[in-house]
Amino acid sequence: MSSNTSFFGDLLTSIAERGRSLLDRSSRVSGATKAATLVERCEQLLSGRGEASGVALASDILDRYARMKTGERIAFFEALAETFGPDRARLEKAIESYGRTGSDAAAAELHLASEPRRQELFRRFNLGPGATLSLVRMRENLMDALVHRHDLAAVDRDFGHLFSSWFNRGFLVLRRIDWSTPANVLEKIIRYEAVHAIRDWNDLRARVDTPDRRCYAFFHPALVDEPLIFVEVALTKDIPGGIAQVLDQSRAHLEPEKATTAVFYSISNCQRGLGGVSFGNFLIKQVVEEISREIPSLSTFVTLSPVPGFRAWLDAERKTENSPALTPLDREALAALDAPDWAEKPETREALVPVLSAAAAYYFLVARTTKGKPVDPVARFHLGNGARLERINPMGDLSPKGIAQAAGLMVNYRYVLADIEKNHEAFLGKGEVVASGPVKKLLKAEAASRALVPTS
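Because the structure is a prediction, the values reported are computed rather than measured. Per chain, residue numbering runs from 1 following the sequence as it is written. Residues qualify for local features only when their pLDDT is at least 70, as the model is predicted, and side-chain atom pairs are given and counted only at 80 or more; totals for whole chains, interfaces and linings, by contrast, use all residues. Calculated side-chain values reflect all of the structure's heavy atoms, with hydrogen atoms and water omitted.

Colleague: Go over the packing of aromatic side chains with me, naming the residues and quoting the values.
Modeller: Here a Phe, Tyr or Trp ring, Trp counted by its six-membered ring, pairs with any other such ring whose centre lies within 6.5 Å, and the pair is stacked when the planes are under 30 degrees apart, edge-to-face when over 60, and tilted otherwise. Under the defined criterion, the tally for this structure stands at 14 aromatic pairs. A centroid spacing of 5.7 Å and a plane angle of 55 degrees characterise the contact between Phe163 and Trp166, whose relative ring orientation is tilted. Here Phe163 and its partner Trp166 are both found in helix H9 (residues 153-166), 3 residues apart, which amounts to about one turn of the helix. Only protein chains enter the accessibility calculation, which uses a 1.4 Å probe; a residue whose area is less than 20% of its type maximum is buried, one above 50% is exposed, and one in between is partly exposed. Looking at Phe163, the relative accessible area reads 1%, which means it is buried. With 6.1 Å between their ring centres and 80 degrees between their planes, Trp179 and Trp201 make a pair best called edge-to-face. Placement of Trp179 in the loop between strand S1 (173-176) and helix H10 (183-192) and of Trp201 in helix H11 (residues 201-208) is noted, with a sequence separation of 22 residues between them. Exposure remark for Trp179: the relative accessible area of 28% places this residue in the partly exposed category. Using a relative accessible area of 38% as the deciding quantity, one classes Trp201 as partly exposed. Every member of this aromatic cluster is reached through a ring pair, and the members are Phe122, Phe125, Phe159, Phe163, Trp166 and Phe167. Remark: a charge is flagged as sitting over a ring if the NZ atom of Lys or the CZ atom of Arg is within 6 Å of the ring centre and within 35 degrees of the ring normal. Positioned above the aromatic ring of Tyr65, the side-chain terminus of Arg73 is 4.8 Å from the ring centre. Each helix is a run of H or I in the DSSP string that is no shorter than four residues. Each strand is a run of E no shorter than two, and both are numbered from the N terminus.

Colleague: So what's going on with unusual backbone geometry? Which residues, and what values?
Modeller: Within the chain, Asn322 stands out as a residue other than glycine whose phi angle is a positive 60 degrees. Turning to its location among the elements, Asn322 is positioned in the loop between helix H14 (310-319) and helix H15 (328-334). Positive phi, close to 50 degrees, is recorded for Ala407, a residue that is not glycine. Mapping Ala407 onto the fold places it in the loop between helix H18 (400-406) and strand S8 (410-414). For Ala407, a relative accessible area of 0% corresponds to the buried category.

Colleague: Which residues make up the confidence of the model for the chain, and what are the values?
Modeller: Caution applies to low-pLDDT parts of the model: their predicted coordinates are not meant to be read in detail. With 89% of its residues at a pLDDT of 70 or more, the chain shows a mean pLDDT of 89. Confidence drops under pLDDT 50 across residues 1-8; counting only partners more than four residues distant or on other chains, this segment forms 2 contacts. Values of pLDDT, ranging from 0 to 100, describe the predictor's confidence in every residue of the model. Whether two residues are in contact is decided by their heavy atoms, any of which lying within 4.5 Å being enough. Per-residue pLDDT stays below 50 along residues 449-456; that stretch engages in 21 contacts with residues further than four places along the chain or on separate chains.

Colleague: Which residues make up the pattern of salt bridges, and what values go with them?
Modeller: Pairing between side chains of opposite charge can happen when their charged atoms approach one another. Note on definitions: salt bridges are taken to be side-chain nitrogens of Lys or Arg within 4 Å of carboxyl oxygens of Asp or Glu. Across all of its chains, the model carries 33 salt bridges by this definition. The partner of Glu96 in a salt bridge is Arg100, with the nearest N and O atoms 2.9 Å apart. Pair noted here: Glu96 and Arg100 are both in helix H5 (residues 88-101), with a separation of 4 residues, about one helical turn. In this structure, Arg149 and Asp151 form a salt bridge, with 2.7 Å as the shortest nitrogen-oxygen distance. Residue classification places Arg149 among the partly exposed residues on the basis of a relative accessible area of 23%. For Asp151, a relative accessible area of 47% gives the class partly exposed.

Colleague: Run through the nonpolar core, naming residues and quoting values.
Modeller: Residues Phe76, Phe125, Phe167, Phe310 and Phe364 are the most contacted members of the largest nonpolar core, which totals 102 residues. Here the element with the most residues in this core is helix H16 (residues 346-365); it accounts for 10 residues. Setting aside anything within four residues of it in sequence, one finds Phe167 in contact with Thr132, Val136, Leu172, His220, Leu223, Leu228, Leu274, Val277 and Phe279. Formed by 13 residues, the second largest nonpolar core is a distinct cluster that contains Tyr192, Ile198, Val208 and Cys270. Only buried residues count toward a nonpolar core. Its members are Ala, Val, Leu, Ile, Met, Phe, Trp, Tyr and Cys residues joined through side-chain atoms within 4.5 Å.

Colleague: Let's hear about the packing of helix H7 (residues 117-125) against H9: which residues, and what values?
Modeller: Lines fitted to C-alpha atoms define the axes, with helix axes restricted to the stretch in contact, and inter-axis angles between N-to-C directions lie between 0 and 180 degrees. Relative to each other, H7 and H9 sit at 50 degrees, their axes nearing to 10 Å. Overall, the two elements H7 and H9 adopt an arrangement that is oblique. The chirality of how H7 crosses H9 is right-handed. Where H7 abuts H9, its residues Arg118, Gln119, Phe122 and Arg123 lie against Ala154, Val155, Asp158, Phe159, His161, Leu162 and Trp166. Classes in brief: Ala, Val, Leu, Ile, Met, Phe, Trp, Tyr, Cys and Pro nonpolar; Asp, Glu, Lys and Arg charged; the others, Gly included, polar. When grouped by side-chain class, the residues that make up the contact of H7 with H9 number 6 nonpolar, 2 polar and 3 charged. Reported orientations rely on four angle classes, namely roughly parallel under 35 degrees, roughly antiparallel over 145, roughly perpendicular from 65 to 115, and oblique for the rest. We call a crossing left-handed when the near helix sits turned anticlockwise from the far one by less than a right angle, and right-handed when that turn is clockwise.

Colleague: Account for the pairing of S8, with residues named and values stated.
Modeller: Most of S8 is tucked away: 4 of the 5 residues are buried. One ladder, built from 2 bridges, connects strand S6 (residues 305-306) with S8; its direction is antiparallel. Bridge pairing in S8 places Ser305 opposite Val411. Examined bridge by bridge, strand S7 (residues 388-393) and S8 share 5 bridges and lie antiparallel to one another. Pairing of Leu389 across the sheet is with Tyr413, part of S8. A strand pair is defined by DSSP finding two or more bridges across the two strands.

This is the structure in structure tokens:
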């Protein structure tokens, strides 16, 4: 596949360069990268001037965009929002025709007329060599602007709409990452790791090149050496309750055929510009299938997951008088978290375990956002995929990041293949958090019976 990709990439580059020479014969292009110039080029691209000139125009626009400063890019996004929406005259005519006739032809025209012009513009941008990655990066810039420019949301929706088609599961390729993977890809695994930082090449090798560790990634044909998402897997005999034992490079390696449990301990999305396009659920399910074929002894599939919102939620509850989640005695015990070295003291950790466990049970089983969803984003992901909350692990991650984000807490979500669909429906249809018996027992009866206070 790589040789074909290289051939077609070179061919597109050749077409783009030849087309650029045709364009340059017809008009002198200034070196300025102003939004107005880019908009003119976009109108030319939409009007259509042949295949070679189309590829050249698309490449030229993306090159000019890449050289823009932040203010110029925002001006370009403004033009995309204001100038490249639906053709209003055509849309009004289509609405009138459908209202008058109700025919299938009128409905089809209404559908076409309602599509913003920028969607076709983005499709034509994608003619250029390497354009797909350029568009993903463009959306990253747009997402940065959206923090203060909510009026650009329509442009972002169009990116999301097209990316959900372009990065459909049918186009994705699962590849195992090991020590024979090209170095440029391995470097990106180090850079994109978002859960447990990879310290150096030795750390990476311990995660991808030992008998009881695996790493898998999804790739897309248009982004040849750019992973979209990857998951790191530990093969064990038991469900681990802490990340230190998983990452320990001095551990005794387990022979794969003796493993009974596959632990998904890190899932990292690599392309921020593809936010909103779901890869994780497909990745986990396909890796389960892949690894089950390779190692038939595996019977248990779990995660060892971070709880990124727990500490912030807990601190807010500690400050809330008459908190539904914490008693006065709980707040008194949790004051120990304010000491910077609390995690280094065994007696402090031991005293905090029952309080943190009960608070975590409330956090997962009772607390909700104002939209009625579980507070924790990782929980929403796994529960939505059909997993169940299997176990709460206080002191599971005593790294500085784990303490700051979750007061050291980690959890296991378990994927039981026969129950995935049922759990998925329970969560999405009824909002039910499917949890094991031990997790439910952690929830204090008096806390569960108090009034629920939504949290943002």
